[in-house]
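# Structural features, examined
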Amino acid sequence: MTTTVPFGLAEQTEIGAYADFVTGAAAPVREALGIGSLQVGPALALSIREDPSRFFNRAGGFGAGEPITVDVLEQVCAFYREQGVSQGAFMVAPPLLPPDWAATAGKLNLTPGNRLVKLGCDIEGTLSAANGVEALDPGLRVGPVEPHYAHEWATVMMNTFGLATPRLIDMAASCVGRPNWRQYAVWEGERIIAVGSVFLNGRCANMFGAATLPESRGRGAQSALLTARARAALAAGCRWAVAETGAEGPGEHNTSLHNMLRAGLEPLYERVTWLWRA
């Protein structure tokens, strides 16, 4: 492995992207969705009370310069209870878990959930490894998203992820044009068929929210979007890029994972999602 991105920075960049994506929405949207956030040292926790998927109820950034203590974890559990959500997730990189994690998880009733692969790369190496734009099918084009496309862009992303309530789409659309973000799309004619963002966190960038409409998959859209976002991150002064996607079990194939591997991202570790339930 040649990637040298610090694990703590990788985790902070990921949760930083989610935090900005959720809490940067306009006040009426935040109030309607019941959006809450908490910072405890380097860690961040988020919740959306009116999101039945519970996807955004997550906490991360643990262990970046400070030890992971029971007190910090208990504060996040209390936050979830105060927000009135039924489930929240803890994202902790395995290399950063404290030695007594099994006892700590048992004390707080945290149970293992799904597994994600954390990937990273030195961006210059990624761009030299592959140029996904060249693989884009004829008739498709990739480019940055202007504000007048924000709602369509957000609708494609949130529909693909099964998060298609109007307020969640409004929340996503409000992300377009923020200073630390770059949004891209692939168009077929005047219609957006695939989307992806990159969040800029100093020297590290997070590949975020990649989605392609089901009927348009297999046409090179995500490879092109990975290249476009890597170029944007490099131009913004980032050295590293990170991303996460579902880990493969026996007999499983995650197309998103293989798109990233072809683009030059390397697996850093597999991470268990630890679940708190009310």
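Parameters at a glance
Residues numbered from 1 in each chain as written. Predicted model: local features only at pLDDT ≥ 70, side-chain atom pairs only at ≥ 80, totals over all residues. Heavy atoms only, no water. Helix = DSSP H or I, 4+ residues; strand = E, 2+ residues; numbered from the N terminus. Rg over C-alpha atoms; globule rule 2.2 N^0.38 Å. Buried < 20%, exposed > 50% of the residue type's maximum accessible area, 1.4 Å probe, protein only. Areas by Shrake-Rupley, 256 points an atom, 1.4 Å probe, with all protein chains shown as cover. Lys, Arg positive; Asp, Glu negative; His and termini not counted. Charge placed at Lys NZ, Arg CZ, Asp CG, Glu CD. Core = buried A, V, L, I, M, F, W, Y, C linked by side-chain atoms within 4.5 Å. Contact = heavy atoms within 4.5 Å. Pairing = 2+ DSSP bridges. Salt bridge = Lys/Arg side-chain N within 4 Å of Asp/Glu carboxyl O. Phe/Tyr/Trp six-rings, centres within 6.5 Å; stacked < 30°, edge-to-face > 60°. Lys NZ or Arg CZ within 6 Å of the ring centre and 35° of its normal. Polar contact = N/O pair within 3.5 Å; in protein donor to acceptor, adjacent residues only side chain to side chain. Axes fitted to C-alpha atoms, helices over the stretch in contact; angles between N-to-C directions. Parallel < 35°, antiparallel > 145°, perpendicular 65-115°, else oblique. Left-handed = near helix turned anticlockwise from the far one by under 90°. Nonpolar A, V, L, I, M, F, W, Y, C, P; charged D, E, K, R; others polar.

### Structural notes on the overall build of the protein
In terms of regular secondary structure, the protein is built from nine helices and 11 strands. Taking 2.2 N^0.38 as the reference for a compact globule, 278 residues should give roughly 19 Å; the C-alpha atoms of the protein span a radius of gyration of 18 Å, in line with that estimate. Projected onto its principal axes, the C-alpha coordinates of the protein cover approximately 55 × 45 × 40 Å. Taking all 278 residues of the protein together, 54% fall into the buried category. For the protein, the computed accessible surface area is about 11700 Å², with 53% contributed by carbon and sulfur atoms. Positive and negative side-chain charges in the protein, numbering 22 and 26 respectively, have mean positions lying 1 Å apart.

### Looking at the nonpolar core
Formed by 69 residues in total, the largest nonpolar core has its most connected members in Phe21, Phe56, Trp153, Met158 and Met171. Ignoring anything within four residues of it in the chain, the contact list for Met171 reads Phe21, Val22, Ala25, Val29, Leu33, Ile35, Ile48, Phe56, Met158 and Arg178. By size, the runner-up hydrophobic cluster in this structure holds 21 residues, among which are Tyr80, Val85, Leu108 and Leu110.

### Some words on the pairing of strand E8 (residues 191–201)
In terms of burial, E8 is largely enclosed, as nine of its 11 residues are buried. Where strand E7 (residues 181–188) lies against E8, eight bridges are found, and the strand directions are antiparallel. Considered in E8, the bridge of Trp187 is made with Ile192. Linkage of E7 to E8, two consecutive antiparallel strands, is achieved through a turn of two residues, within which Gly189 is found at a positive phi near 65°. As paired strands, E8 and strand E9 (residues 204–212) are joined by seven bridges and run antiparallel to one another. In the strand pairing of E9, Asn201 is matched with Cys204. The hairpin turn running from E8 into E9, its antiparallel successor, is two residues long, and Gly202 in that turn takes a positive phi close to 65°.

### Here's the deal with the pattern of salt bridges
In the structure shown here, the tally under the stated rule is 13 salt bridges. The partner of Glu14 in a salt bridge is Arg58, and the shortest N-O contact between them spans 3.9 Å. Taken together, the positions of Glu14 in helix H1 (residues 7–23) and Arg58 in strand E3 (residues 58–60) put the pair 44 residues apart, joining distant regions of the chain. Between Glu14 and Arg271 there is a salt bridge, with its nearest N and O atoms 2.8 Å apart. Of this pair, Glu14 sits in helix H1 while Arg271 sits in strand E11 (residues 266–277), placing them 257 residues apart in sequence. Overall, the relative accessible area of 1% leaves Arg271 in the buried class. Through salt bridges with shared partners, one network takes in Glu11, Glu14, Arg58, Lys118, Glu244 and Arg271.

### Thoughts on the environment of Met260
With respect to the helices and strands, the residue Met260 is situated in helix H9 (residues 255–263). Distance from Met260 to Gly60, taken between C-alpha atoms, is 22 Å for residues 200 residues apart in sequence. Aside from chain neighbours lying at most four places away, what touches Met260 is Leu119, Leu226, Ala243, Glu244, Thr245 and Leu265.

### Let's talk about the packing of aromatic side chains
By the definition in use, this model includes 16 aromatic pairs. When the ring of Tyr18 is compared with that of Phe56, the centres are 6.3 Å apart and the planes differ by 65°; the resulting orientation is edge-to-face. Of the two residues, Tyr18 sits in helix H1 while Phe56 sits in the loop between strand E2 (43–48) and E3, which places them 38 residues apart along the sequence. Each of the two residues, Tyr18 as well as Phe56, counts as buried. Linked through ring pairs, Tyr18, Phe21, Phe55, Phe56, Trp181, Phe199 and Phe208 together constitute an aromatic cluster. One Lys or Arg, Arg58, reaches over the ring of Tyr18 and ends 4.0 Å from the middle of that ring.

### Remarks on the side chain of Gln183
Structurally, the position occupied by Gln183 is in strand E7. Looking at Gln183, the relative accessible area reads 5%, which means it is buried. In this structure the side chain of Gln183 is engaged in a polar contact, spanning 3.1 Å, whose partner is the backbone oxygen of Cys175. If sequence neighbours within four positions are ignored, Gln183 has contacts with Gly143, Pro144, Val145, Trp153, Cys175, Val176, Gly177, Gly196 and Ser197.

### Concerning the packing of helix H6 (residues 150–160) against helix H7 (residues 166–173)
Taken N-terminus to C-terminus, the directions of H6 and H7 make an angle of 120°; their axes are 8 Å apart at the nearest point. What the angle tells us is that H6 and H7 run oblique. Between H6 and H7 lies a crossing of right-handed hand. Of H7, the residues touching H6 (which contributes Ala150, His151, Trp153, Ala154, Thr155, Met157 and Met158) are Leu168, Ile169, Asp170, Met171, Ala172 and Ala173. Residue composition of the contact of H6 with H7, by class: 10 nonpolar, two polar and one charged.

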